[in-house]
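# Notes for the structure review
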Amino acid sequence: MNNPLYDTFFGKHRGKTTPFLRLADGTVITHDGFLQTAAQYANLLTDLGVKAGDRIAVQIAKSPQSLAVYCACVQAGIIFLPLNTAYTAEEVSYFVENSGARVLLCDESRAGDLNSVAKAANAILETLNGDGSGSFTTKAVEHPVRFDTVARGEDDLAAFLYTSGTTGRSKGAMLTQANLMSNAKTLAEEWRFTEQDVLLHALPIFHTHGLFVATNITLFAGGQMIFLPKFDLDQILAHMPDATTMMGVPTFYTRLLDDARFTKDLAQHMRLFVSGSAPLLAETHVAFETRTGHRILERYGMTETNMNTSNPYDGERRAGTVGFALPGVEVKITDADTGEILPQGEIGQIEVRGPNVFKGYWQMPEKTAEELREDGFFITGDLGQFDADGYLQIVGRNKDLIISGGYNIYPKEIELLLDEEEGVLESAVIGVPHPDFGETVVGILVPRAGVELDLDRIKASVGTSLARFKQPQKLIVLPELPRNTMGKVQKKALREDYAELFAAK
Ligand code: MCA
Ligand code: AMP
């Protein structure tokens, strides 16, 4: 047996009766108990004809069982493709078809909807519910609790995580075993994770943050997680006394600060709070320190790269910055036109290179070539600068992207749908500041001559295709879109015009 990712994260815990997952109801799942469930899943997947290198698409609620599916895939060499539970059948259908997934695993309540999706893509549909029940479990329990780990190499693919692009179509970022291992090892060391750690885990596990950063680090270090199905303030406050660390998107921290029950006493014993996935406002950083005495450690990453930079564990965690390049990772600021490195202090595009950087986009060599240079540097699409002490500041984006509550939303995908609506001449989708989500989605519509648009109908219509979190919170009608002399829509001007739309809660 030689499967570096399985051995490094999972296999080394075999036989251990130490706690791995603590659930809200007090249930404790041991390392070995977890590995046994995963082995049953690996046996079942193999029985279903899924082989090493095949993909399985997974759209299920967060639970110990859903995490065990990830482990089963690693053990059997299957490529794990987790999907946001908010995606509509239309959205899921694209991922299943594009990836060529052999199995689609979903919640029973979605099976009716997704049956035709699976059929059309020639995939097997199985169900796994948030409470652990479902056809997948019923079949899995018949299988042995040990599985002969499939041999893999560090360069083999472990997961596809889809990330949208400017064309509106998502691209499958191919992540190798080495990508995941190197990053987890580095972060565990940088952030001083040990087997004494208990991570308060309230993030979804279909994205890099909750799946790879939080879970892989814990597995690598041998610690435990308080594994909550989602972010729920009451639950977070109730379980914080038993935790040593927490990871979250900025919305987690603003929501905690908005609650008077979140006190210095409650947070005092915590070792570390980490924030990422979206910009943490400097004022939140300061308010958090004032309330708790803790300085949140902000880091910067991407689906394609895992984590790139981090504020220091020891030393100053500087508000409004994402710290320094992680060991083994190179970060440079370049001129977007020439690709030349810019002098310190100048704003340019952020490029990164290292063992964390993905292998490319699944079956999209042109897209890969546009963003991943031959010398290994990945063009992130973020704009940044180094301050005088070398801290990286992210000052904007060179890509048309909205980040709402840590979820990425690509305006183009929504514009394409709005443009198809009857009576709409053209549209522009922008992100405006939002007190809870950081940014939220606003759609600007230009009607065809003489048409009065029915905004409620349009909202409902795009709602059938788009996950709820991507749907515009507001639609606004304008006679025309502001354009520059080249004819390009001036989104910056629109964002400024509507900056105050959601200013007060
Ligand atoms: C839920 N809703 C949202 C969002 N989440 N709307 C906009 N943006 C969101 N992020 C909507 C729902 O559709 C629903 O709408 C209403 O809000 C309440 O839903 P609920 O599920 O109760 O929401 P919530 O529990 O309050 O969720 C907000 C949240 C959650 C806790 C911020 O979105 C979350 O956990 N975000 C984390 C995302 C994340 O992990 N990102 C990492 C990816 P309605 O009421 O109208 O039906 S990025 C990454 O991995 C990179 C590599 C990195 O650097 O980390
Ligand atoms: P995703 O492609 O979903 O992984 O999102 C990655 C994007 O999230 C990055 O390109 C950044 O734009 C943004 N991001 C992640 N962490 C931070 C952070 N700490 N501050 C600002 N933006 C961030």
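Structure report, in brief.

Reading guide: rules and limits
- Note on numbering: residues in each chain are counted from 1, in written sequence order.
- All chains are assigned letters beginning with A, and all ligands numbers beginning with 1, in the order in which they are written.
- Residues qualify for local features only when their pLDDT is at least 70, as the model is predicted, and side-chain atom pairs are given and counted only at 80 or more; totals for whole chains, interfaces and linings, by contrast, use all residues.
- Computation of side-chain values covers all heavy atoms of the structure but excludes hydrogens and water.
- What makes a salt bridge here is a side-chain nitrogen of Lys or Arg within 4 Å of a carboxyl oxygen of Asp or Glu, nothing more.
- Strands are runs of DSSP state E lasting at least 2 residues, helices are runs of H or I lasting at least 4, and numbering of each runs from the N terminus.
- Buried, partly exposed and exposed residues are distinguished by accessible area as a fraction of the type maximum, computed with a 1.4 Å probe on protein chains only: under 20%, between the cut-offs, and over 50%, respectively.
- Nearness of a residue to a molecule or strand requires only that one of the residue's heavy atoms be within 4 Å of it.
- Polar contact criterion, stated in full: a pair of N or O atoms within 3.5 Å, where within protein one must be able to donate a hydrogen and the other to accept it, and residues adjacent in sequence count only if both atoms are side-chain atoms.
- Values of accessible area rely on a 1.4 Å probe in the Shrake-Rupley scheme; residue burial ignores everything except the protein chains shown.
- Following the grouping adopted for this structure description, the nonpolar residues are Ala, Val, Leu, Ile, Met, Phe, Trp, Tyr, Cys and Pro, the charged ones are Asp, Glu, Lys and Arg, and the polar ones are all others, Gly among them.
- A pair of strands is considered paired only if DSSP assigns at least 2 bridges between the two.
- Orientation is described by lines fitted to C-alpha atoms, with helices fitted over the stretch in contact, and by angles between N-to-C directions that extend from 0 to 180 degrees.
- Residues are treated as being in contact if the distance between any of their heavy atoms lies within 4.5 Å.

### Details of the pattern of salt bridges
Enumeration over the complete set of coordinates arrives at 27 salt bridges. Measuring nitrogen to oxygen at the nearest pair gives 3.4 Å for the salt bridge that ties Asp-32 to Arg-146. Here Asp-32, found in helix H2 (residues 31–47), pairs with Arg-146, found in the loop between helix H6 (135–140) and strand S7 (157–163); they are 114 residues apart in sequence, far enough to count as distant. A salt bridge links Asp-400 to Lys-491, with the nearest nitrogen and oxygen atoms 2.6 Å apart. Residue Asp-400 is found in the loop between strand S20 (392–397) and strand S21 (402–404), and its partner Lys-491 is found in helix H16 (residues 491–497); the two are separated by 91 residues along the sequence. Classification of Lys-491 as buried rests on a relative accessible area of 13%. Counted as one network, the salt bridges with shared partners bring together Glu-316, Arg-318, Asp-387 and Asp-389.

### Examining unusual backbone geometry
Of note in this structure, Ser-277 is not a glycine but carries a positive phi near 85°. Considering the arrangement of structural elements, one finds Ser-277 in the loop between strand S12 (272–275) and helix H12 (282–292). Given a relative accessible area of 26%, Ser-277 falls into the partly exposed group. Residue Gln-363 is not a glycine yet carries a positive backbone phi of 55°. Mapping Gln-363 onto the fold places it in the loop between strand S18 (360–361) and helix H13 (365–371).

### Some remarks on the site of ligand 1
The full set close to ligand 1 counts 24 residues, and Arg-255, Ser-277, Arg-299, Ser-404 and Arg-468 are the nearest of them. Taking Thr-208, its main chain carries an N or O atom lying 3.4 Å from an oxygen atom of ligand 1. Arg-468 places a side-chain nitrogen or oxygen 2.9 Å from an oxygen atom of ligand 1. Here ligand 1 loses 75% of its free accessible area of 1000 Å² to cover by the protein chains. Among the secondary structure elements, those contributing two or more residues to the shell around ligand 1 are helix H8 (208–221), helix H10 (250–257) and strand S13 (297–302). The residue inventory of the shell around ligand 1, partitioned by class, reads ten nonpolar, ten polar and four charged.

### Here we look at the environment of Val-451
Within the secondary structure layout, Val-451 lies in the loop between strand S24 (438–447) and helix H15 (455–463). What makes Val-451 partly exposed here is its relative accessible area of 34%. Separated by 292 residues in sequence, Val-451 and Ala-159 have C-alpha atoms that sit 47 Å apart.

### So, the sheet that holds S24
With mixed pairing, the three strands of this open sheet are ordered in space as S23-S24-S25. Either end of the sheet is taken by a strand with one partner, and the two such strands are strand S23 (424–434) and strand S25 (474–477). For this sheet, the mean angle separating the axes of adjacent strands, direction not counted, is 25°. Bridge analysis of S24 against S25 gives four bridges, and the strand direction is parallel. Bridged to Leu-445 within S25 is Val-477. Across the sheet, helix H14 (residues 411–420) touches S23, S24 and S25, and the angle it forms with S23 is around 145°. Contacts from H15 reach S23, S24 and S25, with the element oriented near 135° to S25.

### Overview of the site of ligand 2
Close to ligand 2 lie 17 residues; Arg-299, Thr-303, Asp-382, Lys-399 and Asn-408 are nearest. Within the side chain of Glu-298, an N or O atom sits 2.9 Å from a nitrogen atom of ligand 2. In this structure, Asp-382 approaches ligand 2 through a side-chain N or O atom, which is 2.6 Å from an oxygen atom. Of all elements in the fold, only S13 and S20 reach the threshold of two or more residues within the shell around ligand 2. The greatest single-element share of the shell around ligand 2, amounting to five residues, is contributed by S13. A per-class count over the shell around ligand 2 returns seven nonpolar, five polar and five charged.

### A closer look at the sheet that holds strand S19 (residues 378–386)
The four strands are arranged S16-S17-S19-S20 in an open sheet whose pairing can be described as antiparallel. Both outer strands of the open sheet, strand S16 (330–334) and S20, are each paired with one neighbouring strand and no more. Taking each pair of neighbouring strands and ignoring which way they run, the sheet shows an average axis angle of 50°. With five bridges joining them, S16 and strand S17 (residues 348–353) adopt antiparallel strand pairing. Note on S17: the bridge partner recorded for Thr-334 is Gln-349.

### Section: the pairing of S19
Residues in a regular strand point their side chains to alternate faces of the sheet. S19 sits mainly inside the fold: seven of its nine residues count as buried. In terms of strand pairing, S17 meets S19 through four bridges, oriented antiparallel. Bridge pairing in S19 links Val-352 to Phe-378. The pairing of S19 with S20 spans five bridges and is classified as antiparallel. Counted as the bridge partner of Phe-386 is Leu-392 from S20. Here S19 folds back onto S20, and the loop between the two strands holds five residues, one of which, Gly-390, carries a positive phi near 90°.

Geometric descriptors of this kind do not, in isolation, establish any biological role.
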